[in-house]
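Chain residues, written in single-letter form:
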Amino acid sequence: MDTKIGSIDSCMPPNGDMCSAATGGSISTIQNSVSPTMINAAESNLGRHLARRLVQIGVSDVFSVPGDFNLTLLDHLIAEPGLKVIGCCNELNAGYAADGYARSRGVGACVVTFTVGGLSVLNAIAGAYSENLPVICIVGGPNSNDYGTNRILHHTIGLPDFSQELRSFQTVTCFQALVNNLEDAHDLIDTAISTALKESKPVYLSISCNLSAIPHPTFSREPVPFSLSPRLSNKLGLEAAVEAAAEFLNKAVKPVLVGGPKLRVAKACEAFVELADASGYALAVMPAAKGLVPEFHPHFIGTYWGAVSTAFCAEIVESADAYLFAGPIFNDYSSVGYSLLLKKEKAIIVNPDRVVIGNGPTFGCVLMKDFLQGLAKKLKTNTTAHENYRRIFVPDGHPLKSEPKEPLRVNILFQHIQKMLSGETAVIAETGDSWFNCQKLKLPKGCGYEFQMQYGSIGWSVGATLGYAQAVPQKRVIACIGDGSFQVTAQDVSTMLRCGQKTIIFLINNGGYTIEVEIHDGPYNVIKNWNYTALIDAIHNGEGDCWTTKVKCEEDLVEAIKTATGAKKDCLCFIEVVVHKDDTSKELLEWGSRVCAANSRPPNPQNFTSREEDEDAAEEKQGKDDEHAAGATE
């Protein structure tokens, strides 16, 4: 049975946020009407067809930077009543905004121009690929007549072969299409969009600049909502995997569950929580999965991140005699420099379409959601690990009380941010120490949470905040951004103001790239200090609703938060927080030293020999061969 795009099985947000794709939000419901409505000739063109398709799948905002190759296309996107074109300051931020939008809506889109725009947005698209986000990257391409003519075009590297952009995108998208004739445009556009949704990865779609406005019979009717064939588990493989896993876990004394970031792409968040409810196991998440599992669940024990885990979480996970990891990514960052104390023979690894139990067996063509739901029916209740956690748990301590007008400390800052969280807020954490400080925030029901751990591109959060806030206007986004990261992408605070967003940005000014300092320090980690509040005031320039302030002590911070959540609750608030350059979380200190050790490993010993040694060995071998041959002759 086919499944409509808008009703694809989704990873329901455990926090109740129906729009949050990061917590597994579904793609917005597409039009149910399939009546073949004729449309007038002026609108029966490629540009309007693309616009209607975007609206159908839930994209009501497209992030763009204009260029000569995409201007006509932008005209037709703007003409679509349900679609808004958001002009960004640069292509990188447009891509980051589409990334953030996809985390909220389930799909995002950006439009840039040929090569100079495409290669600028490439880094953001690579990040979306690493995070399994369906982003439709639309590029205004060359005139269709220029293909195969051996001409040199502007915006290229000066060669008659102008396929550099396409070849660059082939490694960071799951589908690429060059639309340079109208006959197959309909097919290529629909294939690109459906592939992005099915694979939950970005796609690349190049539209020749002279085609957008031309009517064509294939666009003469309102696009019929297309459906996607559901993926199915191998029934026998599913049954065998469930039986083997149940036997493995039911024999364990103190098993635990750990959720990973691929719960989202597998649309299995709800099934994972059902398994936790049925089994009674202690429940943890990997750092990149924060926000995918409800932290108010009665058996939730925190973030498992090796040596920098939530207090008492690592002890329970690593001392378990069996652990099920659902959708994990074990990289050098998530493993804290490959220092996790886990054993393969104790683990069940559940990937989106494969289950591995201990050192074997392995079951393929088994979908995570089906497996977790089936396993929930087979497990015996076992609360031992959670009971052990309750025995050893000691409530969090509180930061030392500040003296009057004492310079503000980061732990005091996040103590106050914690109090701001509710179901009407969402947290965006930039790469850096905000990773570790925001991990310690306890998310109330309905509170969104996003950060980019796998790709870890500094500067991601400014564009992502723009996109996320645009997708979920009913939420107030709280962005925690370091000064080094902010300097990379600061311009698009301008776009937030143009869009009337009410985000609260905490700019943490500690004078450099703190996360890099803790991995490997050097003069390159120190940045030029800016007057950040004055910069935002200049960007504001009296247009839009904006309020800025600079805080240096707790009293200032309390007053700033009071204003931002009170008198200035309906405008963008920018709070520059000045802290000491060495004021970092203890987790970053530990993590940085371990990642540094992993990065600094010497080369493995190599069995190098000199040319002379090789020649001597060859002569010796030849001598023995000659002796053997002589003996055989005799």
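Refer to the structure above for everything that follows.
Values in this document were obtained by computation on a predicted structure and should not be read as measured data. (Residues numbered from 1 in each chain as written. Predicted model: local features only at pLDDT ≥ 70, side-chain atom pairs only at ≥ 80, totals over all residues. Heavy atoms only, no water.)

This part is about the nonpolar core. Counting residues in hydrophobic clusters, the biggest one holds 43 residues, and the most contacted among them are F414, F506, I575 and W591. The element that contributes the greatest number of residues to this core is helix 12 (residues 410-420), accounting for six residues. Ranked by size, the runner-up nonpolar core spans 39 residues in total, among them A271, L275, L292 and L375. (Core = buried A, V, L, I, M, F, W, Y, C linked by side-chain atoms within 4.5 Å. Buried < 20%, exposed > 50% of the residue type's maximum accessible area, 1.4 Å probe, protein only. Helix = DSSP H or I, 4+ residues; strand = E, 2+ residues; numbered from the N terminus.)

Attention now goes to the side chain of T533. Within the element layout of this structure, T533 appears in helix 18 (residues 532-540). T533 sits in the buried class, given a relative accessible area of 10%. Side chain to side chain, T533 and N531 meet in a polar contact 3.2 Å long. In this structure, T533 is in contact with T548, T549, K550, F574 and E576, ignoring residues within four places of it in sequence. (Polar contact = N/O pair within 3.5 Å; in protein donor to acceptor, adjacent residues only side chain to side chain. Contact = heavy atoms within 4.5 Å.)

Counted as a void, the largest pocket has a volume near 1300 Å³. Considering the residues around the largest pocket, the lining is formed by 42 residues, among which D396, G397, K440, L441 and K442 are closest to the centre. Per-element accounting of the lining of the largest pocket gives the leading share, six residues, to helix 12. Residues that form the lining of the largest pocket fall into these classes: 16 nonpolar, 15 polar and 11 charged. (1 Å grid on protein atoms, 1.4 Å probe; cavity = no way out; pocket = protein on both sides within 12 Å on 5 of 7 lines; lining within 4 Å. Points joined across faces, edges and corners; volume = space filled by probe spheres on them. Nonpolar A, V, L, I, M, F, W, Y, C, P; charged D, E, K, R; others polar.)

This paragraph deals with the packing of helix 12 against helix 19 (residues 554-565). When two helices pack together, you describe them by how their axes are tilted relative to each other and by the distance separating the axes. Taken N-terminus to C-terminus, the directions of helix 12 and helix 19 make an angle of 20°; their axes are 11 Å apart at the nearest point. The angle between the axes of helix 12 and helix 19 places the two elements in the roughly parallel class. Relative to helix 19, the crossing made by helix 12 is right-handed. Contacts from I412, L413, H416 and M420 in helix 12 reach E554, L557, V558, I561 and T565 in helix 19. (Axes fitted to C-alpha atoms, helices over the stretch in contact; angles between N-to-C directions. Parallel < 35°, antiparallel > 145°, perpendicular 65-115°, else oblique. Left-handed = near helix turned anticlockwise from the far one by under 90°.)

Moving on: the pattern of salt bridges. Close approach of charged atoms allows side chains with opposite charge to pair. Following the criterion strictly, the structure yields 22 salt bridges and no others. Among the ionic pairs, R53 bridges to D190, the shortest N-O distance being 2.8 Å. Highlighted residues: R53 in helix 1 (residues 46-56) and D190 in helix 6 (residues 185-199), separated in sequence by 137 residues. Assessed through its relative accessible area of 13%, D190 is described here as buried. Salt bridges sharing partners connect three or more residues here, namely D99, R103, E131, R264 and E450. (Salt bridge = Lys/Arg side-chain N within 4 Å of Asp/Glu carboxyl O.)

In this section: the packing of aromatic side chains. Enumeration according to the criterion identifies 21 aromatic pairs in this entry. Judged by centre distance (6.2 Å) and plane angle (80°), the rings of W435 and W591 are edge-to-face. Highlighted residues: W435 in helix 13 (residues 433-439) and W591 in helix 20 (residues 586-599), separated in sequence by 156 residues. The interplanar angle of 65° and the centroid separation of 6.1 Å between the aromatic rings of F486 and Y532 together place this pair among those described as edge-to-face. In this pair, F486 sits in helix 15 (residues 483-489) while Y532 sits in helix 18, placing the two residues 46 residues apart along the sequence. (Phe/Tyr/Trp six-rings, centres within 6.5 Å; stacked < 30°, edge-to-face > 60°.)

This brings us to the environment of F486. For F486, a relative accessible area of 0% translates into the label buried. Counting along the chain gives 56 residues from F486 to E430, while the straight-line C-alpha distance between them is 9.0 Å. In contact with F486, other than residues within four places in its own chain, are V462, I481, V493, L507, Y532, L535, I536 and F574.

Spatially, 3-2-4-5-7-6 is the arrangement adopted by the six strands of the open sheet, whose pairing is parallel. Every interior strand has two partners, whereas the edge strands, strand 3 (84-87) and strand 6 (176-179), have only one. Geometrically, the sheet is characterised by an average inter-axis angle of 20° between neighbouring strands, direction not taken into account. Summarising the sheet, strand 4 (residues 108-113) and strand 5 (residues 135-141) pair through six bridges and their orientation is parallel. Bridge pairing in strand 5 places C110 opposite C137. Strand contacts of helix 3 (residues 91-105): strand 2 (61-64), strand 4 and strand 5, with the helix running at about 165° to strand 4, the strand carrying the most contacts. Of the strands in this sheet, strand 2 and strand 3 are in contact with helix 14 (residues 460-471), which crosses strand 2 at around 160°. (Pairing = 2+ DSSP bridges.)

The next thing to look at is the sheet that holds strand 10 (residues 282-285). Strand order in the open sheet formed by seven strands is 11-10-9-12-13-14-15, and the pairing between neighbours is mixed. What marks the edges here is a single partner per strand, and that holds for strand 11 (300-303) and strand 15 (362-364). On average, each strand axis in the sheet is inclined to that of its neighbour by 15°, with strand direction left out of account. Both strand 13 (residues 347-351) and strand 14 (residues 354-357) contribute to a ladder of four bridges, which runs antiparallel. Note that in strand 14 the partner of V350 across the bridge is V355. On top of the sheet, helix 8 (residues 269-279) reaches strand 9 (256-259), strand 10 and strand 12 (323-326); it is set at about 165° to strand 9, its chief contact.

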